[in-house]
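# An overview of the molecular structure
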Amino acid sequence: MILISMVRWWYSEGLYGQIGRVARMLSATSDYFSIVLLMRTLFAPFKQISATNVSGPLGVRWRAWLDKLVSRLVGAVIRTITMFSGLITLAVAAVAGLGLIVGWVVLPLMPIIGLIASIVWRA
C-alpha cells in the first residue's frame, strides 16, 4: 500500500513538481539574460553616453554624431555577445532540465533495470 502511494506520488505530484522546478530554472535564466530586451535595444547607445542632442557649429554636431555612432556600435557588439551567451546558457539549462526530468522518470525503474542487466550479463 505504501509502495503504491509512493509510486503514485512519484509519477504525479512529484513529476509535476520536478517539471515546475525545471520551468522556473529556465525562466530565471531567460530573465537573467533578458534576451528580448537586448534585442529591442540592440542599437541603443551603450550606457547612453552622449545620447543627447547637440546644437552648435557643424564640427561639434559631426563629432557628436560620430560619438553616438561609436556608442551604438559598442552597445550592439556587447549586446550581441550577451545574447549569444544567454542562448548558449539557455540551451545548456534546457538539456540539463530535460536530463533531470528523464532521470526523475527512470530512477524508480533502476533496481528493476539493474536486476535484469545482472541476469543478462551473468548468463
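Residues numbered from 1 in each chain as written. Predicted model: local features only at pLDDT ≥ 70, side-chain atom pairs only at ≥ 80, totals over all residues. Heavy atoms only, no water.

### What about the nonpolar core?
Soluble globular proteins tend to pack their nonpolar side chains together in the buried interior. Applicable threshold: Among the buried residues, those of types Ala, Val, Leu, Ile, Met, Phe, Trp, Tyr and Cys that are joined through side-chain atoms within 4.5 Å form a nonpolar core. Partly exposed describes any residue whose relative accessible area lies between the buried limit of under 20% and the exposed limit of over 50%, with all areas from a 1.4 Å probe on protein chains only and scaled to the type maximum. Only heavy atoms enter the contact rule, under which two residues are in contact if any of them lie within 4.5 Å.
Grouped together as the largest cluster of nonpolar side chains are 5 residues: Phe33, Ile35, Leu38, Leu42 and Met83. Beyond its immediate sequence surroundings of up to four residues, Met83 is in contact with Ile35, Leu38, Met39 and Leu42.

### A look at the confidence of the model for the protein chain
Quick reminder of the rule: pLDDT is a residue-level measure of predictor confidence that goes from 0 to 100. Starting at the N terminus, helices and strands are each numbered in turn, a helix being any DSSP run of H or I of at least four residues and a strand any DSSP run of E of at least two.
In this model, the protein chain carries a mean pLDDT of 91, and residues with pLDDT of at least 70 account for 97%. Taken element by element, the predicted model of the protein chain shows its lowest mean pLDDT in helix 3 (residues 35-40) (90) and its highest in helix 2 (residues 13-33) (95).

### Focus on the packing of helix 2 against helix 4 (residues 58-106)
The description of two helices packed together rests on the angle between their axes and the distance between the axes. Operational definition: The convention used is that axes are lines fitted to C-alpha atoms, helices contributing only their stretch in contact, and that angles between N-to-C directions extend from 0 to 180 degrees. Note on terminology: angles under 35 degrees are roughly parallel, angles over 145 are roughly antiparallel, angles of 65 to 115 are roughly perpendicular, and the others are oblique.
Packing of helix 2 against helix 4 leaves a shortest axis separation of 9 Å and a crossing angle of 175°. Accordingly, the angle class assigned to the pair helix 2 and helix 4 is roughly antiparallel. Here Gly14, Leu15, Gln18, Ile19, Arg21, Val22, Met25, Leu26, Thr29, Ser30 and Phe33 of helix 2 come into contact with helix 4, specifically with Thr82, Ser85, Gly86, Thr89, Leu90, Ala93, Ala94, Gly97, Leu100, Ile101, Trp104 and Val105.

### Comments concerning unusual backbone geometry
Trans is the prevailing form of peptide bonds, just as negative phi is the prevailing case for residues other than glycine. One non-glycine residue, Ser34, adopts positive backbone phi at about 50°. In this fold, Ser34 is placed in the loop between helix 2 and helix 3.

### Points about the packing of aromatic side chains
Note the cut-off: Any pair of Phe, Tyr and Trp rings, taking the six-membered ring for Trp, is counted once the centres come within 6.5 Å. Such a pair is stacked with planes under 30 degrees apart, edge-to-face with planes over 60 apart, and tilted for the rest.
A complete count under the given rule lists 5 aromatic pairs for this structure. Ring centres of Trp62 and Trp65 lie 5.3 Å apart, and the angle between their planes is 25°; on these two criteria the pair is classed as stacked. Here Trp65 and Trp62 lie together in helix 4, a separation of 3 residues that amounts to about one turn. Owing to a relative accessible area of 52%, Trp62 belongs among the exposed residues under this scheme. Accessibility expressed as a relative area gives 45% for Trp65, which makes it partly exposed. Taken together, the ring pairs connect Trp9, Trp10 and Trp104 into an aromatic cluster.

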